[in-house]
Amino acid sequence: MGWGKTLYNVFFALGFVSVLLGLIWFGKKLKLPLWKVAVTVVIVYPLVVLWMFVMFWIESGFTAFGGNNIVRIFVYVPLFGLPVAKLLKIERKQMLSLLSFGPLLVHGVSHLGCVFFGCCAGYPSAFGFYNPFYQDIRFPIQPIEALGAVAIVVYLFLRAKKRSYVPDGKEYPLMLVLFGSSRFCFEFLRDNEKLLFGCSNLAFHALFMFVVGVLWLVLLKKNSKRQQGARKTAI
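Since the model is a prediction, treat every value here as computed from it, not as a measurement.

Trainee: Looking at this structure, I do not really get helix α2 (residues 34–59). What am I missing?
Mentor: Residues spaced three or four apart along an α-helix face the same direction, because each turn holds 3.6 residues. Here α2 is 26 residues long and its end C-alpha atoms lie 37 Å apart, about the 38 Å a rise of 1.5 Å per residue gives. Along α2, the positions that sit buried rather than exposed are Lys36, Val37, Thr40, Val41, Val44, Tyr45, Val48, Val49, Met52 and Met55.

As structure tokens, then:
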């Protein structure tokens, strides 16, 4: 189990590296200065990780501090990032576009470490990976989830490229809808405690993520129509 825990921690650290490198690369596409992107990652990433632990502490009834699962904090990342955008004078839509990649990159890299030690495993299966935490073969849900996150990264990048990297404010809510819906489905393949209707704690977090993303997109559409109506009235 010792080597499994070590690899788990290595992948957790690589998650931070992937965010730093990935956002620096995409920041160039958005024509953001390197130092601003680096400062954003260094400030926002530790804050959201701390909030992840705090949320688990609250959910556990203030009895345990841990819960190393970023699904809890996808919705809240903009709350930490937008004040930083104001501080660094980064346009709001640019920051949201940049931030939409961060949680996915963390999940796509760090979650692979769960194969070696994490408790968020799939059900016992003849097909899968040996999990030192449970000491048996488990369905490989972690790499499947990681690939799902990477697929969303590719979609968001291709969408941004098609728009010539001009953000429209929809990147983050789209990410919430896509990741929230996929993670909700993946939760049924994970061997964890079910709370209600066969749904786990994290399934409800994923569902909340999906709902927030849908409502966000609806509000953006209504605001766009309102602005178009205002322009026509002015003409």
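Trainee: What am I meant to see in the environment of Lys170 here?
Mentor: With respect to the helices, strands and loops of the structure, Lys170 is situated in the loop between α6 (141–162) and α7 (171–186). Linking Lys170 and Gly213, residues 43 residues apart in sequence, is a C-alpha distance of 9.2 Å. When residues no more than four places from it in sequence are discounted, the contact partners of Lys170 are Arg159, Leu217 and Leu220.

Trainee: Would you mind showing me how to read the packing of helix α1 (residues 2–29) against α2 here?
Mentor: In a packed pair of helices, the relevant descriptors are the angle between the two axes and the axis-to-axis distance. Following both chains from N to C, one finds α1 and α2 inclined at 145°, their axes separated by 9 Å at the closest point. The two elements α1 and α2 cross, and the hand of that crossing is right-handed. Residues Phe12, Gly15, Phe16, Val19, Leu20, Leu23, Ile24 and Gly27 of α1 lie in contact with α2, whose contacting residues are Leu34, Val37, Ala38, Val41, Tyr45 and Val49.

So, how was this worked out
Residues numbered from 1 in each chain as written. Predicted model: local features only at pLDDT ≥ 70, side-chain atom pairs only at ≥ 80, totals over all residues. Heavy atoms only, no water. Helix = DSSP H or I, 4+ residues; strand = E, 2+ residues; numbered from the N terminus. Expected span 1.5 Å × (residues − 1). Buried < 20%, exposed > 50% of the residue type's maximum accessible area, 1.4 Å probe, protein only. Contact = heavy atoms within 4.5 Å. Axes fitted to C-alpha atoms, helices over the stretch in contact; angles between N-to-C directions. Left-handed = near helix turned anticlockwise from the far one by under 90°.

Everything listed is a geometric property; what it means functionally is a separate question.
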